[in-house]
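Structural features, examined
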Amino acid sequence: MQQNNTVDTIPYQQLPLTGQFSVFEVESFKTELAGIPHRHHDFQILWFTRASGDHIVDFVTYELKDNVLFLLRPGQVHQLPAKGIYGFSITFTEKFYFSNKHERETLYDFTTLFDDSQEYAPIFISKPAAANLGMIVTLMRQELAAQFEGSSSSVIKHYLNAFLLLAEREKKHNVANSPILLNHDTRIIQLRRLVEKHFRTEHQAGFYAQQFSLTPKRLNEITRDAINKTVTDMVHDRLVLEAKRQLAFSNRSVKEICYELGFEDPAYFSRFFRNHAGTSPHEFRETMFK
């Protein structure tokens, strides 16, 4: 993994957004962040129609193949090969998709598809589905090019809705993902959002259970049934991921990272990290820069 140890934060790549939505060919978009770890402010769909090499998403390496789809949430750190990838990037904001309360109640809730609390995995696309997705991408690009005032975003939103529904169907067909997806509980999405917002300051299950007016025991039953994890597991997973990101991509000291993540004792933080990552913070950082 290539690293850049001269910056203090993980860089955000600016994508060519048309308003709050964009679609473009990945091979035609080159920036200074090509081939190095970076992240995005918005939701991103990466559909590789033809690709080789590795795609690294939050420290997990995935071998790229033809017709594979990656769904990235805002803030996820990923690294693509600098060349040898072909396909499309679709980027959009949550506000673009859900612009009002009615749409949030009637449109497909795409956030369930992007939920990385269910163990992240790419979606392998069948040939028939690839043909349909290709037609939708063409329609999206034509609509963007036409720029019909007042109608463009609404039409594109429905094309995007169709694309996401087809992606969800393909995900269910992927054997590795279907058992978890079929046992999906929308409360897990809400919990993941709460964890994402509060994990630095709230480490106890009781806080999250209170947000649902449930006991910690009942909320743990829900999370175990849905994703085979407790609330504490979810919080700890997010803390470890953020610690790894900061150790790998920033110059912050272990003590600074410890305090930023809500730990009061650097020694305890180091033990916590070793218990979950299998190595000390210093050792993890050293392996990242070898």
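You'll find the structure just up there.
Here goes a summary of the coordinates provided.

The rules we used
Residues numbered from 1 in each chain as written. Predicted model: local features only at pLDDT ≥ 70, side-chain atom pairs only at ≥ 80, totals over all residues. Heavy atoms only, no water. Pairing = 2+ DSSP bridges. Helix = DSSP H or I, 4+ residues; strand = E, 2+ residues; numbered from the N terminus. Contact = heavy atoms within 4.5 Å. Axes fitted to C-alpha atoms, helices over the stretch in contact; angles between N-to-C directions. Parallel < 35°, antiparallel > 145°, perpendicular 65-115°, else oblique. Left-handed = near helix turned anticlockwise from the far one by under 90°.

1. Some remarks on the sheet that holds strand 2 (residues 43-51)
On the basis of which strands lie adjacent, the open sheet formed by five strands has the order 1-7-2-5-8 and antiparallel pairing. Of all the strands in the sheet, just strand 1 (21-25) and strand 8 (123-124) have a single pairing partner and so form its edges. Two strands pair when backbone bridges link them, and strand 2 and strand 5 (residues 68-72) are joined in this way by five bridges, in the antiparallel orientation. In the strand pairing of strand 5, Ile45 is matched with Leu71. On the sheet, helix 3 (residues 127-146) packs against strand 1, strand 2 and strand 7 (85-92) and is oriented at approximately 115 degrees with respect to strand 1.

2. Considerations on the packing of helix 6 (residues 186-198) against helix 8 (residues 216-227)
Interhelical geometry of helix 6 versus helix 8 gives an angle of 110 degrees and a closest axis separation of 10 Å. Comparing the axis directions of helix 6 and helix 8 gives the class roughly perpendicular. For the crossing formed where helix 6 meets helix 8, the hand is left-handed. Along its contact with helix 6, which presents Arg187, Ile188 and Leu191, the element helix 8 presents Leu219, Ile222, Thr223, Ala226 and Ile227.

3. Observations concerning the environment of Thr230
The residue Thr230 is located in the loop between helix 8 and helix 9 (231-249) in this model. The sequence separation of Thr230 and Asn220 amounts to ten residues, and the corresponding C-alpha distance is 5.0 Å. Apart from residues no more than four positions distant in its own chain, Thr230 is found in contact with Asn220, Thr223 and Arg224.

4. What to know about the pairing of strand 3 (residues 54-57)
The side chains of a regular strand alternate between both faces of the sheet. Where strand 3 lies against strand 4 (residues 60-63), four bridges are found, and the strand directions are antiparallel. Within strand 4, the residue paired with His55 across the bridge is Tyr62. As consecutive antiparallel partners, strand 3 and strand 4 are separated by two residues, and within that stretch Asp58 has a phi angle of approximately 45 degrees, a positive value. Pairing between strand 3 and strand 6 (residues 78-79): two bridges, direction antiparallel.

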